[in-house]
Amino acid sequence: MKKRVCAFLAGAFLALSVVVSPVFAADTTTVTFANGITFAVPNDLLKYVNENKAQIDAALVANNVTQSQVDSVQTKILNAYDELASKDKIKNPYTAATGWIDDFGKVLADVMPNAQMQGGVYADALISYNQFGENKGKNAPYKKFAVGLNSGISKLDIGDFVDATEELSLDFGKKIPRTLVMPVATVDGRVCGFSLPLDIGFNCSFIDTSMIPFARKTFESNSASYYNFGGDIRYAFIANRGSHHLTVSALGGAAYTKIKVDIDQSAADVMFDLNTINLYFGSQVSARFHEIVPFAGVRIGFSNSSIEWSVSNIDWAHILGTSSDTNIANAVKWNILPKKFGGKYTSSFSDGVRPQIFGGVGFDIARLTATISGSYDITSYIPSGAFSLRMLF
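Residues numbered from 1 in each chain as written. Predicted model: local features only at pLDDT ≥ 70, side-chain atom pairs only at ≥ 80, totals over all residues. Heavy atoms only, no water.

Further remarks concern the sheet that holds strand β9 (residues 292–312). Strand order in the closed barrel formed by 10 strands is β3-β4-β5-β6-β7-β8-β9-β10-β11-β12, with antiparallel pairing between adjacent strands. Strand-to-strand twist of the sheet, defined as the mean angle between neighbouring strand axes without regard to direction, takes the value 20°. Relative to strand β12 (residues 382–392), strand β3 (residues 145–157) runs antiparallel, the two sharing nine bridges. Each residue of the ladder has a partner; that of Ser 154, found in β12, is Ser 384. (Pairing = 2+ DSSP bridges. Helix = DSSP H or I, 4+ residues; strand = E, 2+ residues; numbered from the N terminus. Axes fitted to C-alpha atoms, helices over the stretch in contact; angles between N-to-C directions.)

So, in structure tokens, the structure goes:
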């Protein structure tokens, strides 16, 4: 991300101290603060001002601020805000800037559960299939344990963000793609050997863009990290039936994911912090054709997500395109221009219901098994894919 992204995110708040002006096109509401000091605040920013009124009151009282001092600060800031409205055609900068952050957080809340469910997918609906059923002990050795690596991607749609940047006439120096992919790397294992036709799987994953060369180039001075821990259990109610070893299992699992994105630039820093718990249930069917194992299934996930974001370390002089002076310093000191701001988005399990179809094919070579799989979230329209390589023992 270029530094103007963060500059605009913070700069969207610069109008919070605007006074009535005949050239200002936005609707305003006059708010009275401590000592009778008044501000005619654009309605676009009214919610923010009301939420922080006590903090502004305290700062004005503590610094014995007068209306004339405020007017001096407002005049300087008003000129910059009017330029946004007239030159750049930005009518609601606060709404636009915070809106795309919230939209991006909601996109992450949709993508993460889909990425979670890419881990732990095995072609065989029960890795110990030949211990049970009518073909018990035939055609293939009995397996008790599997371990390996899984890599996956999920579609990450940032179209709302791109639309916002185009509407706001922001120039990033290069065209932003509307679709990106969220990569996931997982270490997983599965164990069976019980008297019942079931197996238990576990998986964990970690990715840090600062450790990946192509990601470092893409993110430049910014970074993203991803952590996932999960597990599932499968019970085969049809096991090893017929010449193709048809196996059908029911499954249930859970996963926890934490993702953090930091955008660090000279004008301001932006941070996203997402935590997701995902519970999922489903069914899988597989068959065997010598060394080839096609499979398919359905799952439904229930996710609970919490997303926090913040903008900090704001350089207001840089944002306003002016040198630092007393007016700018006072605006920050009085909390008229915020030192830091942010928001939070949460969704409950009932909000995050995600039905998904999945399938693929596995290839067995001695103790080595490779699996290509894909899935599709039919409510959020998110495709995902994965490739795994595992050893069976």
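Read on, since the account is not over.
Our next topic: the confidence of the model for the protein chain. Averaged over all residues, the pLDDT of the protein chain is 79; the fraction at 70 or higher stands at 78%. Of all the helices and strands in the protein chain, helix α1 (residues 3–11) carries the lowest mean pLDDT, 48, while strand β11 (residues 368–377) carries the highest, 95. Between residues 1–6, whose pLDDT stays under 50, and residues either more than four places distant or in other chains, the model counts 23 contacts. Here residues 8–25 is a poorly scored stretch, pLDDT under 50, and it has 71 contacts once near neighbours within four places are set aside; other chains count. (pLDDT = per-residue confidence, 0-100. Contact = heavy atoms within 4.5 Å.)

Let us look at the packing of aromatic side chains. By convention here, two paired aromatic rings are described through the distance between centres and the angle between planes. Within this structure, the stated rule accounts for two aromatic pairs. Measuring from centroid to centroid gives 6.5 Å for Phe 295 and Phe 358, while their planes differ by 50°, and the two rings are tilted. Placement of the pair is Phe 295 in strand β9 and Phe 358 in strand β10 (residues 341–365), with a sequence separation of 63 residues. One exposure class covers both Phe 295 and Phe 358, and it is buried. One cation-aromatic arrangement involves Arg 299 over Phe 358; the distance from NZ or CZ to the ring centre is 4.0 Å. (Phe/Tyr/Trp six-rings, centres within 6.5 Å; stacked < 30°, edge-to-face > 60°. Buried < 20%, exposed > 50% of the residue type's maximum accessible area, 1.4 Å probe, protein only. Lys NZ or Arg CZ within 6 Å of the ring centre and 35° of its normal.)

Attention now goes to the side chain of Ser 286. Within the secondary structure, Ser 286 sits in strand β8 (residues 269–286). From its side chain, Ser 286 meets the backbone nitrogen of Ala 125 in a polar contact 2.9 Å long. In this structure Ser 286 touches Ala 123, Asp 124, Ala 125, His 245, Leu 246, Thr 247, Val 293, Pro 294 and Phe 295, once residues within four positions along its chain are discounted. (Polar contact = N/O pair within 3.5 Å; in protein donor to acceptor, adjacent residues only side chain to side chain.)

A few words now on the pairing of β3. Put simply, side chains in a regular strand alternate between the two faces of the sheet. The alternating pattern of β3 places Ala 146, Gly 148, Asn 150, Gly 152, Ser 154 and Leu 156 on a buried face and Phe 145, Val 147, Leu 149, Ser 151, Ile 153, Lys 155 and Asp 157 on a face that is not buried. Examined bridge by bridge, β3 and strand β4 (residues 179–191) share 13 bridges and lie antiparallel to one another. Bridging across to β4, Ser 154 finds its partner in Met 182.

Now for the nonpolar core. Considering soluble globular proteins, one finds that nonpolar side chains tend to be buried as a cluster. Met 112, Leu 156, Phe 272 and Trp 334 are the most contacted members of the largest nonpolar core, which has 51 residues in total. Here this core gets nine residues from one element, more than from any other, and that element is helix α5 (residues 93–116). In contact with Phe 272, not counting residues within four places along its chain, are Trp 100, Ile 101, Phe 104, Ile 259, Lys 260, Val 261, Ile 263, Glu 308 and Trp 309. Of all hydrophobic cores here, the second largest spans eight residues; its members include Met 117, Val 293, Phe 295 and Phe 358. (Core = buried A, V, L, I, M, F, W, Y, C linked by side-chain atoms within 4.5 Å.)

On to empty space enclosed by the protein. Scanning the entire structure with this criterion turns up four cavities of 30 Å³ or more. When its volume is computed, the largest cavity comes out at roughly 100 Å³. Counting residues per element, the ones that place at least two in the lining of the largest cavity are β6 (223–241) and β8. Each residue belonging to the lining of the largest cavity can be placed in one class, and the counts come to six nonpolar, three polar and four charged. Around the second largest cavity sit Tyr 122, Ala 123, Asp 124, Ile 127, Val 293, Asp 364, Thr 369, Thr 371, Arg 390 and Leu 392, which together line it. Among the elements of the structure, β11 and β12 are those that each provide at least two residues to the lining of the second largest cavity. Residues that form the lining of the second largest cavity fall into these classes: five nonpolar, two polar and three charged. (1 Å grid on protein atoms, 1.4 Å probe; cavity = no way out; pocket = protein on both sides within 12 Å on 5 of 7 lines; lining within 4 Å. Points joined across faces, edges and corners; volume = space filled by probe spheres on them. Nonpolar A, V, L, I, M, F, W, Y, C, P; charged D, E, K, R; others polar.)

Attention now moves to the pairing of β9. Relative to β9, β8 is paired through 18 bridges, and the arrangement is antiparallel. Looking at the pairing, Phe 281 lines up with Ile 300 of β9. In this structure, the hairpin formed by β8 and β9 is closed by a connection of five residues, where His 290 is found at a positive phi of approximately 60°. Summarising the sheet, β9 and β10 pair through 19 bridges and their orientation is antiparallel. Looking at β10, one finds that Trp 309 is bridged to Gly 343.

A few words on the environment of Ser 283. In this fold, Ser 283 is placed in strand β8. For Ser 283, a relative accessible area of 24% gives the class partly exposed. The spatial distance from the C-alpha of Ser 283 to the C-alpha of Leu 251 is 5.7 Å, given a sequence separation of 32 residues. Discounting residues that sit within four places of it in the chain, Ser 283 has contacts with Phe 237, Val 248, Ser 249, Ala 250, Leu 251, Ala 296, Gly 297, Val 298 and Phe 358. Looking at Ser 283, its side chain comes within polar contact range of the main-chain oxygen of Ser 249, at 3.1 Å.

Turning our attention to helix α9 (residues 326–333). The complete set of buried residues in α9 reads Asn 327, Ile 328, Asn 330 and Ala 331. For α9, the buried positions fall inside an angular range of 165° around the axis, keeping them on one side. Just past α9, the residue Asn 335 takes up positive phi, approximately 65°. (Arc of directions from axis to C-beta.)

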